[in-house]
Each structure stands twice: as C-alpha cells, then as structure tokens.
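Descriptive analysis of the structure
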Amino acid sequence: MLRFFNTDKKKEYSDEDICIDLNNIPKHIAIIMDGNGRWAKERNLPRTIGHKAGVEAIREVVKECSILKVKYLTLYAFSTENWKRPKDEVSALMKLLVEYLKKEFKELDYNNVIINYIGDISKLPDLCQKELIISHENTKNNTGLTLNLALNYGGRYEITRAFKLMYEDIKSGKISEEDINEETISNYMYTKGMPDPDLIIRPSGEQRLSNFLLWQCAYSEFWYSNIKWPDFRKEHLHKAIFDYQNRDRRFGSVE
Ligand code: IPE
Ligand code: IPE
Ligand code: MG
C-alpha cells in the first residue's frame, strides 16, 4: 500500500499506507542482489534458474528507480570473490549479463538511463566487455538514472587500485602529498563524481557488506530483508525508501 507525497506541491498521488516523500528520495541506492541460489534451492531448481529469476527483479527495480527519480542505482552483480563459484555458474551469470543488456538496452535507453559499470571488467569474457562498453557508449549522454553494474567489483580491490593510481600521479608530479584528502581519494574510486550511497539494501537475510562499496558506505543507511532477490519487487523498494526517510541521519552531529 503506497502513497506518494510531495512536500512542495502538497499533492497526494494515491491513498494508501506507505507514504514516500518525493522530495527526499535517496540520490544513490545500492543493492546487494543476494539470495538467488537459495530461492532456487527452495524450489528444487538449479541455482542458475535463481539467477535468471533475479533478472525480473532487476527490471522492476531499475524501472521504479527511474520513475522515482533516483539519480544513481548501483547493483552488486558479481564480486571479486564470486570467481570461487563453479565454472558453470560463473558462465551462466556472464551469459545472463549479455542477455540482459541486449534485451533491455532499448527500454533503458528510452527511459533515459545511463548504463555504467564499476569493477575490473577486463577479466570478464570478451562478449560481456563488448556489450558493456557499447551499452555505456550509447547511453552516456542520457540524463536520467545512472545504473552502475558492479561487476568483478570488490571494495578492497577498488581501494587498492586507488592507491596505485594515486601513487602513479604522485610519481609523475600530477599531484603532491598536500593534495591527498578525502575528496581527492574519492576521485580515484570507480564512483568518481557520484554521491556516496544514501541507502544500501541487502535482501536474503544476510547482514554483511561482502566487500561492497567499503570506502563509500561511511554514512550509508542499511536496510536488510529476508526476501530473496528474485522475489524483490517495487513494494520492497518502497518500504526500504520509506524506512530510510524515517531514519535520523546525524552524520556525527547532535541534531
Ligand atoms: C546473488 O545470489 C547472486 C550473485 C552473487 C551473483 P547468490 O547466488 O549469492 O544466492 P545465495 O546467496 O546462494 O542464495
Ligand atoms: C555478494 O553476495 C555479492 C553479490 C551479490 C554479487 P555473495 O552471496 O557472494 O556474498 P557472501 O558470500 O554471502 O558474503
Ligand atoms: Mg549469496
């Protein structure tokens, strides 16, 4: 049951239970899309079917974030640790990624979405890299939601990479020690130029970060749920945003 309101226009969009303030939509939502394997297991299905079912949740959440005018949505799709999984599962995930991009490109582009990726995609199969690069090139001038697909992404890897890039810039004289501060460090992350995630959502019952956005999550609000990712729908997103809007973000202050 959802009701939207807009504190400027004092306009109500429908008459239901959860009330989302359209003027306080998180700018950046990040989601750890977890629970595909358990969803499948509960149904005596192979894990890959769970991943396939998870694509429907992606479609719905991306669309809803666009409608709600979220500026950035980061989806954790494959971690630097997920290479430990059986080869068949990894291949199935890579195949699903290509299928998703091919199938959804038109609609994402039509909805003004910028398709972006974070992580070391050079380790992904060539076809995945190609599809990601084309999708990004063809949507980079859009002005709506930026969809960050986190692929072969790891927070510690990202921070290590930032150290290396910064070291190179110091060596070449591009920057000096005095230039190093929290803001400049942020500029060495994949998320350069983007606000830190306001809200990090993890379904499936696990309550851990699993190496996601370690630098960026300093003041993120966390939202956990037992729902498995393939069952995640816009109602869950609304509830997460509603809860977020009812939290008191103090950032270390007293107010
Ligand atoms: C998340 O679902 C998808 C990826 C990590 C790629 P899982 O595959 O981790 O599902 P569970 O945690 O085993 O249920
Ligand atoms: C985190 O989920 C990674 C993604 C959702 C892509 P995992 O299922 O890999 O994390 P752990 O192993 O439960 O920590
Ligand atoms: Mg998992």
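Residues numbered from 1 in each chain as written. Chains lettered and ligands numbered in written order. Predicted model: local features only at pLDDT ≥ 70, side-chain atom pairs only at ≥ 80, totals over all residues. Heavy atoms only, no water.

In the nomenclature of an unreviewed UniProt entry, the protein chain is known as Isoprenyl transferase of Clostridium moutaii. Recorded in UniProt for the protein chain, the comment headed Function (unreviewed entry) runs: "Catalyzes the condensation of isopentenyl diphosphate (IPP) with allylic pyrophosphates generating different type of terpenoids." The UniProt entry for the protein chain carries this comment under Sequence similarities (unreviewed entry): "Belongs to the UPP synthase family." (UniProt positions renumbered as here; feature names shortened; annotations may be inferred.)

The buried count for strand 5 (residues 72-79) comes to seven of eight residues, which makes it a mostly enclosed element. Bridge count between strand 4 (residues 28-32) and strand 5: five bridges; the pairing is parallel. When the sheet's bridge partners are listed, I32 is paired in strand 5 with Y76. For strand 5 and strand 7 (residues 146-153), the ladder comprises seven bridges, and the chain directions are parallel. Bridge pairing in strand 7 places Y72 opposite T146. (Buried < 20%, exposed > 50% of the residue type's maximum accessible area, 1.4 Å probe, protein only. Helix = DSSP H or I, 4+ residues; strand = E, 2+ residues; numbered from the N terminus. Pairing = 2+ DSSP bridges.)

In this section: the site of ligand 1. Lining the immediate surroundings of ligand 1 are 13 residues, of which M33, D34, R38, R47 and R85 lie closest. Between ligand 1 and the protein, one listed contact pairs an oxygen atom with a backbone N or O atom of G35 at 3.4 Å. Within the backbone of R38, a nitrogen or oxygen atom sits 2.7 Å from an oxygen atom of ligand 1. The protein chains hide 87% of the 380 Å² of surface that ligand 1 would expose on its own. When atoms are counted within 2 Å of each cavity's grid points, the one that captures over half of ligand 1 is the largest pocket. For the shell around ligand 1, the elements supplying multiple residues, two or more each, are helix 1 (36-42), helix 2 (47-67) and helix 3 (87-110). Per-element accounting of the shell around ligand 1 gives the leading share, three residues, to helix 1. Considered class by class, the residues forming the shell around ligand 1 number three nonpolar, five polar and five charged. (Near = heavy atom within 4 Å. Polar contact = N/O pair within 3.5 Å; in protein donor to acceptor, adjacent residues only side chain to side chain. Areas by Shrake-Rupley, 256 points an atom, 1.4 Å probe, with all protein chains shown as cover. 1 Å grid on protein atoms, 1.4 Å probe; cavity = no way out; pocket = protein on both sides within 12 Å on 5 of 7 lines; lining within 4 Å. Sits in = over half its atoms within 2 Å of the grid points. Nonpolar A, V, L, I, M, F, W, Y, C, P; charged D, E, K, R; others polar.)

UniProt feature "active site" (unreviewed entry): in the numbering of this structure it lies at D34 and N82. The annotated residues occupy 49 residues of the chain but converge on a single region, no pair of C-alpha atoms lying more than 12.0 Å apart. Looking only at the residues we just named, the largest pocket is lined by D34 and N82. Structurally, D34 is set in the loop between strand 4 and helix 1. Residue classification places D34 among the buried positions, given a relative accessible area of 16%. Setting aside chain neighbours within four positions, we find D34 in contact with R202, P203, S204, E206, K228 and W229. Summarising the element assignment, N82 is placed in the loop between strand 5 and helix 3. Look at N82 and you get buried, because its relative accessible area is 16%. (Contact = heavy atoms within 4.5 Å.)

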